[in-house]
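# Structural characterization, general
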Amino acid sequence: MNDKVESQYKATLNLPDTDFPMRGNLAQREPEMLARWEQIGLYQKIRAARAGRDQFILHDGPPYANGKIHIGHAVNKILKDVIVKSQTLSGKDSPYVPGWDCHGLPIELKVEEKVGKVGVNVTASEFRKHCREYAAEQVNGQRADFKRLMVLGDWENPYLTMDFKFEANIIRTLGKIIDNGHLHKGFKPVNWCSDCGSALAEAEVEYQDKQSIAIDVKFAFADNTALLKAFAADESLAAKTISIVIWTTTPWTLPANEAVSVHPTLEYSLVLLKEQDEILLLAADLVNDAMQRYGIAADGFDVIATAKGSVFGQLDEHAAAPFVVQHPFMPAADGGAKMVPVITGDHVTADSGTGAVHTAPMHGADDFVVSKRFDVKSDDMLVDGAGNFISTPALDALELSGLSTADKGNFRVLGLLAEKGALLKKVKITHSYPHCWRHKTPIIFRATPQWFISMNQAGLLTQAMHEVENTVEWRPGWGKARIESMMTDRPDWCISRQRTWGVPIALFVHKETSALHPDSAALIEKVALKVEEQGIDAWFELDAAELLGADAGQYVKVTDTLDVWFDSGVTHTAVLRERDGLKFPAEMYLEGSDQHRGWFQSSLLTSVAAYGEAPYKTVLTHGFTVDGEGRKMSKSLGNTVEPQEVINELGGDILRWWVADTDYSGEMTVSKEILKRNADAYRRVRNTCRFLLANINGFNPQTDMVAGNELLPLDAWMVNYTRQLQEKVIAFYHNYDFKGLTKTLMNFCVSELGGFYLDVIKDRQYTCKTDGLPRRSAQTALFHVLEAMSRWIAPILSFTAEEIWSCLAGEREESVMLAEWYSAFPDTGSSVFDDAFWRDLIAAKEAVNGVLEKARTDKLIGASLSAEVELYAQPELKSQLEKLGDELRFVLITSGVQVLDFNAGAGVATELDGLRVQVKASAHDKCERCWHHSDDIGQNDQHPTLCGRCVENVEGDGEVRRFA
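Residues numbered from 1 in each chain as written. Predicted model: local features only at pLDDT ≥ 70, side-chain atom pairs only at ≥ 80, totals over all residues. Heavy atoms only, no water.

Right, let's get into the overall build of the chain. Within the chain, the regular secondary structure consists of 33 helices and 32 strands. Relative to its length of 964 residues, the chain is extended, with a C-alpha radius of gyration of 39 Å against a globular reference of 30 Å. In terms of overall dimensions, the chain has C-alpha extents of about 130 × 80 × 45 Å along its principal axes. Residue pairs in contact within the chain that sit at least 24 positions apart in sequence constitute 77% of those at least 6 positions apart. When the 100 basic and 134 acidic side-chain charges of the chain are each reduced to a single mean position, those positions are 3 Å apart. (Helix = DSSP H or I, 4+ residues; strand = E, 2+ residues; numbered from the N terminus. Rg over C-alpha atoms; globule rule 2.2 N^0.38 Å. Contact = heavy atoms within 4.5 Å. Lys, Arg positive; Asp, Glu negative; His and termini not counted. Charge placed at Lys NZ, Arg CZ, Asp CG, Glu CD.)

Let's shift gears to the environment of isoleucine 937. With respect to the secondary-structure elements, isoleucine 937 resides in the loop between β32 (933-934) and α33 (948-955). By relative accessible area, isoleucine 937 is classed as buried at 16%. When sequence neighbours within four positions are dropped, the list of residues in contact with isoleucine 937 reads Asp925, Lys926, Cys927, His932, Pro944, Thr945, Leu946 and Cys947. (Buried < 20%, exposed > 50% of the residue type's maximum accessible area, 1.4 Å probe, protein only.)

Here we take up helix α11 (residues 365-373). Of the residues making up α11, those classed as buried are Asp367, Phe368, Val370 and Ser371. Buried residues in α11 make contact with β4 (183-193), β8 (259-262), β13 (337-344) and β14 (356-359). Aspartate 375 occupies a position one or two residues after α11 and carries a positive phi of about 55°.

A separate point is unusual backbone geometry. The omega torsion across arginine 475 and proline 476 is -5°, close enough to zero to call that bond cis. Inspection of the secondary structure assignment puts proline 476 in the loop between β17 (473-475) and α15 (478-487). Here the residue pair phenylalanine 584 and proline 585 is connected by a cis peptide bond, since its omega of -5° sits within 30 degrees of zero. Turning to its location among the elements, proline 585 is positioned in the loop between α20 (571-576) and β23 (586-592). Not every positive phi belongs to a glycine, and aspartate 489 is a case in point at roughly 60°. In this fold, aspartate 489 is placed in the loop between α15 and β18 (493-494). Aspartate 489 sits in the exposed class, given a relative accessible area of 69%. The phi angle at isoleucine 893 is positive, at roughly 55°, despite the residue not being glycine.

With parallel pairing, four strands are arranged side by side in an open sheet as β1-β23-β24-β17. Here the strands that pair on one side only, and so sit at the sheet edges, are β1 (58-59) and β17. Across six bridges, the pairing between β23 and strand β24 (residues 616-622) is parallel. Note that in β24 the partner of methionine 588 across the bridge is threonine 618. Taken strand by strand, helix α21 (residues 599-611) contacts β1, β23 and β24, and its axis lies near 145° from that of β23. (Pairing = 2+ DSSP bridges. Axes fitted to C-alpha atoms, helices over the stretch in contact; angles between N-to-C directions.)

Looking now at the packing of helix α14 (residues 460-470) against α15. Between α14 and α15, the least distance of the axes is 10 Å, while the angle of their chain directions is 170°. Considering the angle they form, α14 stands roughly antiparallel to α15. Mapping the contact onto sequence places Leu461, Ala464, Met465, Val468 and Glu469 in α14 and Lys480, Ile483, Glu484 and Met487 in α15. In terms of residue class, the contact of α14 with α15 is made up of six nonpolar, no polar and three charged. (Parallel < 35°, antiparallel > 145°, perpendicular 65-115°, else oblique. Nonpolar A, V, L, I, M, F, W, Y, C, P; charged D, E, K, R; others polar.)

Okay, the pattern of salt bridges next. Overall, the coordinates contain 58 salt bridges when judged by the stated rule. For lysine 218, the salt bridge is made with glutamate 278, and the minimal N-O distance between the two is 3.1 Å. Linking lysine 218 in strand β6 (residues 205-221) with glutamate 278 in strand β10 (residues 278-283), this pair joins segments that are 60 residues apart in sequence. Neither lysine 218 nor glutamate 278 differs from the other in exposure class; each is buried. Across the pair lysine 617 and glutamate 587 runs a salt bridge, and its minimum N-O distance is 3.2 Å. Of this pair, lysine 617 sits in strand β24 while glutamate 587 sits in strand β23, placing them 30 residues apart in sequence. (Salt bridge = Lys/Arg side-chain N within 4 Å of Asp/Glu carboxyl O.)

Here tryptophan 931 shows up in the loop between β31 (925-926) and β32. With relative accessibility at 37%, the residue tryptophan 931 sits in the partly exposed group. Sequence-wise, tryptophan 931 and leucine 758 are 173 residues apart; in three dimensions their C-alpha atoms are separated by 18 Å.

Here we come to the nonpolar core. Judged by nonpolar contacts, the single largest core of 218 residues is most densely connected at Phe566, Leu655, Trp658, Phe756, Tyr757 and Leu871. It is helix α27 (residues 738-767) that provides the largest number of residues to this core, a total of 12 residues. Setting aside its immediate chain neighbours within four residues, phenylalanine 756 contacts Leu714, Trp717, Ser751, Trp838, Leu841, Ile842, Lys845 and Val891. Listed in part, the 56 residues of the second largest apolar core include Ala199, Tyr268, Leu286 and Val340. (Core = buried A, V, L, I, M, F, W, Y, C linked by side-chain atoms within 4.5 Å.)

The next subject is the sheet that holds β4. Sheet architecture is open: four strands sit in the order β5-β4-β16-β18, paired in antiparallel fashion. The open sheet has two edge strands, β5 (198-200) and β18, and neither has a second partner. One ladder, built from two bridges, connects strand β16 (residues 444-453) with β18; its direction is antiparallel. Residue pairing in the sheet places phenylalanine 452 in a bridge with cysteine 494 of β18.

Attention now moves to the environment of aspartate 209. Turning to its location among the elements, aspartate 209 is positioned in strand β6. On a C-alpha basis, the gap between aspartate 209 and threonine 430 in space is 6.3 Å, while along the polypeptide they are 221 residues apart. If near-sequence neighbours (up to four positions away) are discounted, aspartate 209 is found in contact with Thr430, His431, Ser432 and His435.

Below, the discussion takes up the packing of aromatic side chains. Taken as a whole, this structure holds 30 aromatic pairs when the rule is applied. A ring pair is formed by tyrosine 589 and tyrosine 616, whose centres lie 4.7 Å apart and whose planes are at 70°; its orientation type is edge-to-face. In this pair, tyrosine 589 is assigned in strand β23 and tyrosine 616 in strand β24, connecting sequence segments 27 residues apart. Taken as a pair, tyrosine 589 and tyrosine 616 share a single burial class, namely buried. Where phenylalanine 837 meets tryptophan 838, the ring centres are 4.9 Å apart and the plane angle is 80°; that geometry is what we call edge-to-face. (Phe/Tyr/Trp six-rings, centres within 6.5 Å; stacked < 30°, edge-to-face > 60°.)

If you want it as structure tokens, here you go:
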């Protein structure tokens, strides 16, 4: 506007105005909104407003109560919050009860650093007290960060696995699983972390590359003549040494060797080494690879005979092994040579190595099973909980006692093999090997007495797989295949741990038989009642006689604690079945993809074991976060993105927009640059909403709302388009397609609104009579758009939606979070100006804009209002364009427009087929108020610089608009 307009006509213009700021200043202002939510008790008001409605229960998987939250935590909690808020907007009662996993080793280690070891510096009871206090501190810190993410929930009443009642219900659920016949005690190899000093569950094991020493070792046969005869070979070779060769990457397990296993149907060859003058027994398919590995040329060996493994390996489980071989260095109990049997097993393969497997039942699951089948007895465990060889006369003599299996003990075994001439080959290899997921150190397999939930003794695995296949929806679909692959043939679940800070396996077992007390069910409930009052110390401090009376002398208390995955796995009981307002099963569990081997699985197994059904109807999975180059987040790489820093710099809404705008089904890429791009996208949404708010300034919906059938066609189209778009928005939320949603919202802001509708109505908004129909019609449409859009963005941009809500006039809920999807769209009636019509107009406007831009570049015109255009259109398009009459110029934002028959030689071609455009500078003067060029400027003596419609808007009843 020029100075004259500023001084004379400014007051006659409807200039936009709003309290909604252009800059969100989210980092500074969001905490104020959070404080208000807490002050008014928003979460509780939502619960009251939705009481009695259909429920949607998203059950929170508990993060571990240790350390600051990271970007993965933020992703998880924001996704959950988006879903819960969208379900609430759909009218569902969707409470969100957050929780924490509070027991276990990581907390023990932190507390040990502070107060020292149990039994040395503090008592077990004091230690548990410190663990409880430490966990509570961690919960408080994480809770503050989660709330800052604008996640709504029952934060003041979360569930904690260390709450006394929760601990009691863990014990009760164990009792129910025992009643259903799924528990057994076993002595078998389990995943063992020497750093933890405890057994590990499958979910606590991860695979990483490890460099190991791979060796080929000879076990010499005791009866060469019989072996040669079995192979139908020349028995005159019996004087030579004949050895079966094993290959292993764990030399330290050789002291525990009790057998050598071969496959009954594989072909094995006796191979004569000419220069060495000895015979090796190897899988036939691996002979050539082995010879190359041993450095023996093709003419340096002969295959003298071949036979199946069943010829020399034990098949009959009730008869003696037909052949035995001498252990390379371990002595027998009587001091002589230790002989071990050659047995058969289906676990043996000829994929690599030698086709013969060194079998140490104390250190391998397959070894344990095959040894048990053939009644191969194991000596006592030779390795302690710290991973060191124990002291025995044999190990003392071999100088192995006290050595670590991870290094010195391993090298000593290699030395013994070399001394005995049994070491054929030694090489370093890199292979995938199980590691403790907490310590990141290689684990060992170690047989110890442990408590197991059996997969098969009462059909648990079959039942669980049925639930996976038939009752649970897996989103994305690959989640189903993932959990199936992890559960198929999975071993029994070792649920016992040797720790201080954990829920006890509250059982009494007979001193001699290890059988459970016959009244275990009643005893478990009695213990649970005590734990409800005193916590887990009630068990550890319990005098057995208090519950068992005279039987106390025959029974002992189990001192093992439960695997923490059991703790979190039974939240379906301790939370869903116990909390008022919740229900079992939950509609949804939502966690990262690693939980197919963790919480998803432990929850499924415990729920099926206790109740015969899955605890969830849908499992939704999100991926891990990686940096801008696709690398895993790592403090050592310095590529982590801390959510606290993002919030303090950019604000929570921008972090939330990034989460929603990223395909969570795979790896989620995040970096400062990516977040800045998301900040730009956020600003586009914010500024669009600000423009809408600024242009409904002074609009009172109770008095100024235009009825649907009286709206101008352009405004009616926008209202109807918004109504139709809302259906898509709701569908995106219900399908959990948040990236599709953000893309749709952005397109709406950029295209239909910013690129067309808002551009077109500016003139009408600014220049038409304040309370005239043309302006009130547009304001009515804008109001409906804002009512809908504030709700659309609320689950994602919660702060911004609340800001918009507070700026909207009219009676409304105290918070947008208390509202439901907008339902007050008016009936606009039928019209020829349907969506297809306006799409044609949008396409024509874009085509004309391209020609106008070229004319501006060529200095033919200045602003588009200084131009007049001639449109040469094919009949169908011409018919559409002519429907708007003179008001077509308002859509094209030019001062004049003529629609003419298509002329291939007229004007210039556009990107729209069937439309050519001729641009010329208007010869008329420019109105100082509306800036349109018009031939009626100066016809009013009172307003010589205004066009006729501006005069009408300033002094008369206001101009008439029929279409746009």
